[in-house]
Amino acid sequence: MKMSLRWFGPKQDPISLQNIRQIPGVEGVITTLYEKMAGEEWTSEEINSLKKTVEDSGLKILGIESMNISDEIKVGHSLRDLHIERYNKSLARLSDAGIHMVCYNFMTVFDWLRTDLAKVRPDGSTAMAYEQAKVDELDPEKMFENIDQNSNGYMMPGWEPERMAKIKELFELYADIDENKLRENLKYFLEGIMPTCEKYGVKMAVHMDDPSWSIFGLPRIVKNLDDLKIYTELVDSEYNGLTLCTGSLSSSPDNDIPSIIRAMEGKIHFAHVRNTLHTSPGNFEESAHLSRDGSLDMYEIIKALHDINFEGPIRPDHGRAIWGEQSMPGYGLYDRALGSQYLLGLEEAIKKQENLK
Ligand code: DNO
């Protein structure tokens, strides 16, 4: 596995590439053209300028997160063919720039969802948390305000104000879309891009839905092992794969993550690895990465990735806010740096043990 850190680009991310470079074992960043809206084409100039910025710091771009999928593609609107054509052009240009992994999600209306962006934990750190009862009480249109007012002034990925300004229309747009329809549209999209992915060697990695159940009655189709099996069979190609996100899957304690990893051997192109603490059914908070701080067995997760010979990029995921750091919720430097060291430590121990056998 290649350790990486998510970086939101020179305009958005307060964390410098120089600081990221000083984290031992981190080989590169996962980044995106943050200003681009879903459905737009990425030009070679834009891609190459981002690449140069990253490479000038001594790091590499290990993948893109995210190249977002337009609502037109998700709902099967007549503009979808145009958007797929643009997506293909962008994929080919990424490949020309030496970038061969793209993470995306097929969630409807909202990307990931939390009800608290700064829940105080017993050690005084803060972390993001989710309480189902709060979601049940909430008008979905208020969800954005909730996130926006608590994000320390940063724009949260997936919660772009332009998008949230038309939230009512978005709900209307998805009114007739159930899980089957959404899957058909996902299949149509994959069939439209896989020939390009195969030609240019770009691995597509769908992100898991977070939390892994339907919210506000919206369909969700990447929640558990059954969904992942259906997804990987929609189009049979080695380029049609997954972003294995332990945090998202762990929102449902029924998801046995090490078994899911083993069942998805060969399909995992990217891994987001973090821990969560379950407080009661439907409620969880994001803990430190360490196994004993949350509900997941991180050793078993890294062991499973090692056993399936996972060689793609991996990143620590949402971190707590610690040591007074003011950052985009979940994406501060300190706790994610700690997380990366822990994951690398687990990997080193697992590899050594293996060689001793
Ligand atoms: C949350 C992230 C997601 C992820 C997208 C991928 O912090 O894991 O926003 O980047 O869903 O498209």
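Look up: the structure comes first, before these words.
Remember, predicted model here, so these are calculated numbers, not experimental data. (Residues numbered from 1 in each chain as written. Predicted model: local features only at pLDDT ≥ 70, side-chain atom pairs only at ≥ 80, totals over all residues.)

A.B. asks: Mind laying out the overall build of the chain, listing which residues take part and the relevant values?
C.D. replies: The helix and strand tally for the chain stands at 14 helices and 12 strands. Its C-alpha atoms give the chain a radius of gyration of 19 Å, near enough to 21 Å, the size a compact globule of 357 residues would have. The principal-axis extents of the C-alpha atoms in the chain amount to approximately 55 × 45 × 40 Å. Counting every position in the chain, which comprises 357 residues, the buried fraction comes to 43%. Nonlocal contacts in the chain, meaning residues at least 24 apart in sequence, comprise 74% of its contacts between residues at least 6 apart. (Helix = DSSP H or I, 4+ residues; strand = E, 2+ residues; numbered from the N terminus. Rg over C-alpha atoms; globule rule 2.2 N^0.38 Å. Buried ≥ 20, exposed ≤ 12 C-beta atoms within 10 Å, placed from the backbone. Contact = placed C-beta atoms within 7 Å.)

A.B. asks: Explain unusual backbone geometry to me, and be specific about the residues and the numbers.
C.D. replies: Residue S66 is bonded to the preceding E65 through a cis peptide linkage, with omega at 5°. Structurally, S66 can be placed in the loop between β3 (60-65) and α3 (71-75). Following D210, the chain continues into P211 via a peptide bond in cis, with omega recorded as 0°. Topologically, P211 is positioned in the loop between β7 (203-207) and α10 (225-234). Despite not being glycine, V109 shows a phi value in the positive range, around 65°. Here V109 shows up in the loop between β4 (101-104) and β5 (116-120). Owing to 20 C-beta atoms within 10 Å, V109 belongs among the buried residues under this scheme.

Functional significance is not addressed by these values, which are geometric in nature.
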